[in-house]
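Observations on the three-dimensional arrangement
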Amino acid sequence: TLRVDRAALKRALGNILTNAIDAMEGAGAIYIGSDLVKAADSRYCRLSIRDTGRGIPAALRSQVFVPYFTTKATGTGLGLSIVERIVADHGGSVRLESEEGAGTTFYIDLPMDR
């Protein structure tokens, strides 16, 4: 069982998807997946959201979850910091992998009941 606030998780996923769509600049694909991960004493659900957009430059990756950080001409720069907060409030974690010119994948790990 995965216990989450559905509205909050919907907002988090919506923020990631909005960024993915923006990064693809009108063409590309988004892949969404889920896996059950079993580690020593824990089980969690891993959600993955991958886009085929422009990717995030290495120098900027450490800043993407910082409130008000943005590379866009419009927007507040709060989308990914909200994602991080929502996931943390659920006892989970979020991280990303990105390659310039090839896209970005966000991984959200959420704890599961035993």
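Refer to the structure printed above.
Residues numbered from 1 in each chain as written. Predicted model: local features only at pLDDT ≥ 70, side-chain atom pairs only at ≥ 80, totals over all residues. Heavy atoms only, no water.

Within the secondary structure, Glu 25 sits in the loop between helix H1 (6-24) and strand E1 (30-39). A residue is classified by how much of its surface remains accessible, and Glu 25, at 61% relative accessible area, is exposed. For the pair Glu 25 and Gly 53, spaced 28 residues apart in sequence, the C-alpha to C-alpha distance is 7.3 Å. Reaching out from Glu 25, the side chain makes a polar contact with the side chain of Arg 54 at a distance of 3.2 Å. (Helix = DSSP H or I, 4+ residues; strand = E, 2+ residues; numbered from the N terminus. Buried < 20%, exposed > 50% of the residue type's maximum accessible area, 1.4 Å probe, protein only. Polar contact = N/O pair within 3.5 Å; in protein donor to acceptor, adjacent residues only side chain to side chain.)

Attention now goes to the sheet that holds strand E4 (residues 103-111). Taken in spatial order, the 4 strands make up an open sheet running E1-E2-E4-E3, and their pairing is antiparallel. Of all strands in the sheet, those bounded by a partner on one side alone are E1 and strand E3 (93-99). On average, each strand axis in the sheet is inclined to that of its neighbour by 20°, with strand direction left out of account. Bridge analysis of E3 against E4 gives 7 bridges, and the strand direction is antiparallel. Within E4, the position partnered with Glu 97 by the bridge is Thr 105. (Pairing = 2+ DSSP bridges. Axes fitted to C-alpha atoms, helices over the stretch in contact; angles between N-to-C directions.)

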